[in-house]
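Structure at a glance
Chain by chain, the residues:
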Amino acid sequence: MSGEEKRLTMIDLARVSKTFPPDVHALADVSLRIRRGEMIFLTGQSGAGKTTLLRLLSGIDRPDKGYIEIAGHDLSRIADAEMQRLRRRIGVAYQDFKLLPDKTVAQNIAFSMEVSYRSRQFIRAQTERLLTELHLLDKHDTLAGRLSRGEQQRVSIARAVANEPELLLADEPTGNLDAETAVLVMQLFRRCNEQGVTLLIATHDQAIYDFPGSKIIRIENGRLAIQKPPTAVRKAEARA
Amino acid sequence: MNFLVAVFSQTWRSLAETWRSQLLSLMTITLSVLIFTFFYLVYSNALQVGNRLDNDLRLIVYLDEQPNETLQEEYRHKVEKFDKVERIEFISKLEAYEHFKGQLDDSQDVLKDIPKDFLPPSIEIYPRRTLDSLAKIKDFSAYLEKLPGVLKVQYGREWVERFNAFVRLLRVVVLLSGSLLILTTTFMIGHSIRLTVFSRKKELELLRLVGASNSYIRTPFFLEGALLGLLGSIAGMTALYILFRWIQAVFASRASSMFTFSFFDAQTVCLIIVLSVLLCAGGSFVSIRKILSV
């Protein structure tokens, strides 16, 4: 890979495999390159390996085999302090939300910004802007544990976006949302993408991944199956 | 938001959530500081009593003959060979007679027919008023008794021995209570940190996921430990002062003038507080590194 190509690459995976005991091959020989500013939908059935891939990319798990590079950092060789700095540049919306139930919505969102030492004004403004955008402003001071699943999901997304990450990983971000709220979330993602954020969204919600310019990666039994624009995927799925 | 503001607000939030469990640690630290400083106060006052002994703590070496200047110099040399002393005074027969006469006050006429040289000449040795010198006084006396021309050596043997035993006992108690302070403080801080980590487990996990640095995670625990040390030692010292004033008020009339007890000076109080803070902060630092590996 040339220097210029490397600079333009956000995610680079080469022959990545991950097996969970006793014998579950979550990912097998996955190779993938995602350029900066791309918006990719990772689709596939439950258990196909989407969440495993996102966990490897966010550095929560390590692959058994293969090579992962994020924004030029080789995750197998990265030092602790460097990994911490890299994590501040990656926003992750987890499938299980990972919210702190005894903290307010605002405190949960502020978390990702506080570790980057953002100013109080920035944190306040960003929290209010995101809550307004996701129709949650009235929940600003509500404890996260008292929210519905759909509301918790939106708070988790707001926290992932709040620190203006370079890379955003979202695991089933609309899984608990109605169609109208899912549109709000997708509008937020699209706006982030327009500002240069690279997005990798794991989903099996067909309704959200059909828009121009985005790419779909299908994963089946831990292997990459298709890598095409959405309309082509839809046609392929219709033929199947 | 800079690093300090971020960790201070983290610490404040954590304390607001876990203050109930921290109270037990605070009370234990307070009690440990109180126990240690109480014995230390008694010990340091005992040392001061030793310093006030003044004339009572002298060795009187009775000689068979009045030493001339050369002999005096020789005695002086031999005394200082054993231990450094505060001062040495040679008392002639006549000076001893005058001194004795002065002590008799109104009954001086009993000396009318007695020759003025009936008392033996002597050397009065004033040892340094340090515990080391006091501890050696028995050996010192034995050494002096062996010097040529010495008839007898006199000193408040029983009193000095009792005092030495008391001070030695106090020294052991101070060391034990100091060790107790260190053990209980580090144990309680470790326990308190473990409880806080347990109650904030999810939060700490999330902090790592969003890229918090190691110092961002551990500094609030370090500050909590330091704060516990500060509050615990201030409370302990305050309790000691109240106890001291009460003892003074109750026993002031009964105690003799030799035993006027005094409290620690400001410098010692500050030193005890600073040491407690360092001990607690260090304890929490070690615990958090051990528990969280950060």
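Here the structure is a predicted model, which is why all the values come from computation and not from measurement.

1. Looking at the overall build of chain B
If you tally the helices and strands in chain B, you get 9 helices and 4 strands. Taking 19 Å as the expected radius of gyration for a compact globule of 294 residues, we find that chain B reaches 30 Å, considerably beyond that expectation. Projecting the C-alpha coordinates of chain B onto the three principal axes gives extents of approximately 100 × 40 × 30 Å. By residue count, 40% of the 294 residues in chain B fall in the buried class. Within chain B, counting contacts between residues at least 6 apart in sequence, those at least 24 apart form 83% of the total. Carbon and sulfur atoms form 62% of the exposed surface of chain B, whose accessible area is close to 16,500 Å². Positive and negative charge centroids in chain B, built from 33 and 29 side chains respectively, lie 15 Å apart.

2. Notes on the overall build of chain A
Regarding its fold elements, chain A presents 8 helices and 10 strands. Computed over C-alpha atoms, the radius of gyration of chain A comes to 18 Å, within 12% of the 18 Å expected from 2.2 N^0.38 for 240 residues, which places it in the range of a compact globule. If you line up chain A on its principal axes, its C-alpha atoms span 45 × 45 × 40 Å. The burial tally for chain A puts 52% of its 240 residues in the buried class. Considering only residue pairs separated by 6 or more positions, chain A has 68% of its internal contacts joining residues 24 or more positions apart. Entry remark: accessible area of chain A is about 11,200 Å², with carbon and sulfur atoms responsible for 47%. Within chain A, the 31 negative side-chain charges are centred at a point lying 3 Å from the centre of the 36 positive side-chain charges.

3. Quick look at empty space enclosed by the protein
The tally for this structure, following the rule as stated, stands at 2 cavities of 30 Å³ or more. Within this model, the largest cavity holds a volume of roughly 140 Å³. What lines the largest cavity is a set of 14 residues, among which A:Ile90, A:Gly91, A:Val92, A:Ser112 and B:Val210 lie closest to the centre. When residues of the lining of the largest cavity are traced back to their parent elements, those giving at least two are helix H3 (80–88), strand S6 (90–93) and helix H6 (149–162) of chain A together with helix H7 (201–209) of chain B.

4. Some remarks on the pairing of strand S2 (residues 24–35) of chain A
Within a regular beta strand, the side chains point alternately toward one face of the sheet and then the other, so they alternate between its two faces. Residue and element names in this part refer to chain A. With 8 bridges joining them, strand S1 (residues 9–20) and S2 adopt antiparallel strand pairing. Bridge pairing in S2 places Leu13 opposite Leu32. From the end of S1 to the start of S2, which pair antiparallel, there are 3 residues.

5. Structural notes on the sheet that holds strand S4 (residues 150–154) of chain B
Residue and element names in this part refer to chain B. Spatially, the 4 strands line up as an open sheet ordered S2-S3-S1-S4, and their pairing is antiparallel. This sheet does not close on itself; its edge strands, each paired only once, are strand S2 (85–91) and S4. Within the sheet, the average angular offset between the axes of one strand and its neighbour, ignoring direction, is 15°. Note that strand S1 (residues 59–63) and strand S3 (residues 122–127) share 4 bridges and pair antiparallel. By the bridge assignment for S3, Tyr62 is matched with Ser122. Relative to the sheet, helix H2 (residues 69–82) contacts S1, S2, S3 and S4, its axis offset from that of S2 by approximately 150°.

6. Comments concerning the sheet that holds S2(A)
Residues and elements named next belong to chain A. The 4 strands lie next to each other as S2-S1-S4-S5, forming an open sheet whose pairing is antiparallel. Only two strands of the sheet have a single partner each, and these edge strands are S2 and strand S5 (73–74). Relative to S5, strand S4 (residues 65–70) runs antiparallel, the two sharing 2 bridges. Among the inter-strand pairings, Glu69 is bridged to a residue of S5, identified as Asp74. In this fold helix H2 (residues 50–57) packs onto S1, S2 and S4, with an angle of close to 120° to the strand it touches most, S1.

7. Here we look at the domain arrangement of chain B
One can read the domain layout of chain B as domain 1 (3–52 + 162–292) and domain 2 (58–155). For domain 1 of chain B and domain 2 of chain B, the distance between their C-alpha centres works out to 50 Å.

8. As for the interface of chain A and chain B
Opposite the 21 residues of chain A that make contact, chain B presents 21 residues. Both faces combined, the contact of chain A with chain B buries some 2,000 Å², and carbon together with sulfur accounts for 57% of it. Sorting the residues of chain A by area buried against chain B places A:Phe111, A:Glu114 and A:Tyr117 first, and these three jointly supply 30% of that buried surface. There are 2 salt bridges connecting chain A and chain B. The partner of A:Lys103 in a salt bridge is B:Glu203, and the shortest N-O contact between them spans 3.6 Å.

9. Some details on the pattern of salt bridges
This model, assessed by the stated rule, comprises 24 salt bridges over all chains. Residues joined by salt bridges that share partners form a network here, namely A:Glu5, A:Asp12 and A:Arg33.

10. Observations regarding the environment of B:Val167
Tracing the chain through its elements places B:Val167 in helix H6 (residues 157–199). Distance in space between the C-alpha atoms of B:Val167 and B:Ser213 is 51 Å, their sequence separation being 46 residues.

11. Structural notes on a nonpolar patch on the surface
On the surface, B:Leu227, B:Leu230, B:Leu231 and B:Ile234 cluster together to form a nonpolar patch covering roughly 290 Å² of accessible area. Residue classification places B:Leu230 among the partly exposed residues on the basis of a relative accessible area of 33%.

12. Observations regarding the packing of helix H4 (residues 105–114) of chain A against H6(A)
Residue and element names in this part refer to chain A. Where H4 contacts H6, the axes come no closer than 7 Å and their chain directions differ by 30°. Viewed along their axes, H4 and H6 adopt a mutual orientation that is roughly parallel. Judged by the sense of rotation from one axis to the other, the crossing of H4 with H6 is right-handed. Judged by residue contacts, Val105, Asn108, Ile109, Phe111, Ser112 and Met113 of H4 engage Val155, Ala158, Arg159 and Ala162 from H6. Its residues placed into classes, the contact of H4 with H6 shows 7 nonpolar, 2 polar and 1 charged.

Cut-offs used in this document
- Residues numbered from 1 in each chain as written.
- Chains lettered and ligands numbered in written order.
- Predicted model: local features only at pLDDT ≥ 70, side-chain atom pairs only at ≥ 80, totals over all residues.
- Heavy atoms only, no water.
- Helix = DSSP H or I, 4+ residues; strand = E, 2+ residues; numbered from the N terminus.
- Rg over C-alpha atoms; globule rule 2.2 N^0.38 Å.
- Buried < 20%, exposed > 50% of the residue type's maximum accessible area, 1.4 Å probe, protein only.
- Contact = heavy atoms within 4.5 Å.
- Areas by Shrake-Rupley, 256 points an atom, 1.4 Å probe, with all protein chains shown as cover.
- Lys, Arg positive; Asp, Glu negative; His and termini not counted.
- Charge placed at Lys NZ, Arg CZ, Asp CG, Glu CD.
- 1 Å grid on protein atoms, 1.4 Å probe; cavity = no way out; pocket = protein on both sides within 12 Å on 5 of 7 lines; lining within 4 Å.
- Points joined across faces, edges and corners; volume = space filled by probe spheres on them.
- Pairing = 2+ DSSP bridges.
- Axes fitted to C-alpha atoms, helices over the stretch in contact; angles between N-to-C directions.
- Domains from an automatic or database assignment.
- Buried area = accessible area lost by both parts, 1.4 Å probe.
- Salt bridge = Lys/Arg side-chain N within 4 Å of Asp/Glu carboxyl O.
- Patch = residues over 30% accessible without salt bridge, like charges linked within 9 Å, V, L, I, M, F, W, Y side chains within 5 Å.
- Parallel < 35°, antiparallel > 145°, perpendicular 65-115°, else oblique.
- Left-handed = near helix turned anticlockwise from the far one by under 90°.
- Nonpolar A, V, L, I, M, F, W, Y, C, P; charged D, E, K, R; others polar.

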